[in-house]
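As a plain string of letters, each chain reads:
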Amino acid sequence: MASMSTERSGSAETSLRDRETWIVIPLFNEASVIGGVVTELRQRFEHVVCVDDGSTDGSGATARAAGARVLTHPINLGQGAALQTGISYAREQAAAEYIVTFDADGQHRLEDAVAMLDEARSRELAIVFGSRFLDHRTNPGWAKKVVLKTAVRVTNLTTGLRLTDAHNGLRVIRTDAARKVNLQQDRMAHATEIVLQLGRTRLPWAEYPVEVLYTDYSRAKGQSLLNAVNILVDLIVN
Amino acid sequence: MWIQLILIAAMVGIGLYLVRARPSARHLALRRLGVFAVLAIGVIVVLAPGWLTAVANAVGIGRGTDLLLYASIVGFMLYVVADYKRSIQLSRANTQLARELTLVQARLDDAIAVRDTDVEN
């Protein structure tokens, strides 16, 4: 399987790379940041999969140039759909042990992903959810906090799990758990749906404190209050 | 008044249909029967407008045209909800189709990449 991606020089560096983890990044029009995100991830991970969800700004080519395996949706389907495509691809790779979902906009930290994988391995967890509310490093601002806390409450009500942060894109999913994921929600409601489906696996899970880096860029793209209404309706209507 | 009960029940029913019902052959059959029933009632009402007013009076409305208006609104809302649900189903099918296309392409690319490196070595 090592032949799939562009090999680089610097054997000392490549030998440190995790070869049994697939990073899955839903990608839609993030050309200005995706190159940096992929380059950083590739320092530690052999397999970085970007699902280009019909970007019109050349994000796919940028990610490919940075060393990602890019899958391309023929049309824009939504973040949930892109995530599912990436998970479906990653879990059929023979060497895959873990799948890490990661956001394209640079709001997650590489160190958090590595630490969550260590946690999953050492405690034999099938699922590790990143949470920005387990410590006080992250300051989302009050409006965002209200939206996110409401989302958590809805998620906990519908899933029966006790989470502190629902709409956090950083998750570690072991492949046996990933095989049970079949997201129907193409848009943002997938974040609740994935918790529901992973919860149903009854596999051991935990939350892990992560820091979310709110740049002006990610702030501008963040979820609004009205978007929360969309998420609720998507979840309620069959 | 009977009409208030009937209309409220209709609204609640449409709301439940929106939230609960999943598409099935049974629902499709019921929808088709509904269309035929509406057509039949339409013919009757055209032939004998007096019946409409009689029915209206029976449920507590003065005029048949008012009953017709209420029935039209309920029918329209039912149509909107049914069509909305259908569009969700279609978009899910569309997503699956696009995903399969993407995954087939990816498997093909991977297979070609593996073969190319085998040839090189």
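Residues numbered from 1 in each chain as written. Chains lettered and ligands numbered in written order. Predicted model: local features only at pLDDT ≥ 70, side-chain atom pairs only at ≥ 80, totals over all residues.

Moving on, we get to the overall build of chain B. Along chain B, the regular secondary structure elements total four helices and zero strands. Dimensions of chain B, computed from the C-alpha atoms along their principal axes, are close to 90 × 30 × 20 Å. The 121 residues of chain B split such that 6% are buried. Long-range pairs, those at least 24 residues apart, make up 51% of the contacts in chain B between residues at least 6 apart in sequence. (Helix = DSSP H or I, 4+ residues; strand = E, 2+ residues; numbered from the N terminus. Buried ≥ 20, exposed ≤ 12 C-beta atoms within 10 Å, placed from the backbone. Contact = placed C-beta atoms within 7 Å.)

Residue and element names in this part refer to chain A. Of note in this structure, asparagine 29 is not a glycine but carries a positive phi near 50 degrees. For asparagine 29, the location among the structural elements is in the loop between strand E1 (18–27) and helix H2 (31–44). Assessed through the 17 C-beta atoms surrounding it within 10 Å, asparagine 29 is described here as partly exposed. Although it is not a glycine, arginine 202 adopts a positive phi angle of roughly 65 degrees. With respect to the secondary-structure elements, arginine 202 resides in the loop between helix H8 (190–200) and strand E7 (205–209). Look at arginine 202 and you get exposed, because 10 C-beta atoms sit within 10 Å.

All names here are of chain A. Burial within strand E2 (residues 45–52) is extensive, with eight of its eight residues counted as buried. For E1 and E2, the ladder comprises seven bridges, and the chain directions are parallel. Within E2, the residue paired with proline 26 across the bridge is valine 51. Handedness of the crossover is the feature at issue here: the chain leaves E1, passes through H2, returns alongside E2, and the resulting connection is right-handed. With four bridges connecting them, E2 and strand E3 (residues 69–72) associate as parallel partners. Within E3, the position partnered with cysteine 50 by the bridge is valine 70. After leaving E2, the chain enters helix H3 (residues 59–65) and then returns to the sheet as E3, a path that is right-handed. (Pairing = 2+ DSSP bridges. Right-handed = clockwise from strand over helix to strand, strands pointing away.)

What follows covers the interface of chain A and chain B. Much of the literature gives interface size as the accessible area that the parts lose upon coming together. Facing 18 residues of chain A, the contacting portion of chain B comprises 18 residues. Those elements that place two or more of their residues in the side of chain A that touches chain B are E3 and helix H4 (79–91) of chain A. It is H4(A) that provides the largest number of residues to the side of chain A that touches chain B, a total of five residues. Of the residues belonging to the side of chain A that touches chain B, the class tally is nine nonpolar, eight polar and one charged. (Nonpolar A, V, L, I, M, F, W, Y, C, P; charged D, E, K, R; others polar.)

Sheet strands pair by backbone hydrogen bonding; their relative direction is either parallel or antiparallel. Residues and elements named next belong to chain A. Read across the sheet, seven strands follow the order E3-E2-E1-E4-E6-E5-E7 without closing on themselves; strand pairing throughout is mixed. Looking along the sheet, the strands with just one partner apiece sit at the ends: E3 and E7. Strand after strand, the sheet turns through a mean of 20 degrees between neighbouring axes, direction not considered. Where strand E4 (residues 98–101) lies against strand E6 (residues 171–174), four bridges are found, and the strand directions are antiparallel. The partner of tyrosine 98 across the bridge, within E6, is arginine 174. (Axes fitted to C-alpha atoms, helices over the stretch in contact; angles between N-to-C directions.)

Turning our eyes to something else, we now look at helix H6 (residues 142–159) of chain A. Residues and elements named next belong to chain A. End to end, H6 covers 25 Å across 18 residues, agreeing with the expected 26 Å (1.5 Å per residue, within 8%). Buried within H6 we find Val147, Leu148, Ala151, Val152 and Thr155. Looking straight down H6, one finds that the buried residues subtend no more than 140 degrees of arc, so they occupy a single side. Seen from the open side of H6, the exposed residues pointing more than 90 degrees away from its buried face are Trp142, Ala143, Arg153 and Leu157. Phi for glycine 160, located one or two positions after H6, is positive at around 80 degrees. (Expected span 1.5 Å × (residues − 1). Arc of directions from axis to C-beta.)

On to helix H4 (residues 64–120) of chain B, then. Every α-helix winds through 3.6 residues per turn, so residues three or four apart in the chain are directed the same way. Taking 1.5 Å of rise per residue, 57 residues should cover 84 Å, and H4(B) covers 84 Å from first to last C-alpha, within 8% of that figure. Those residues of H4(B) not exposed but buried are Leu67(B), Thr95(B), Arg99(B), Thr102(B) and Ala106(B). Contacts made by the buried residues of H4(B) are with E3 and H4 of chain A together with helix H3 (49–58) of chain B.

Now for the confidence of the model for chain A. Confidence in the prediction of chain A, expressed as mean pLDDT, is 87, and 89% of residues score 70 or more. Counting contacts from residues 1–11 of chain A, a segment whose pLDDT is below 50, to residues more than four positions away or on other chains yields 14 contacts. (pLDDT = per-residue confidence, 0-100.)

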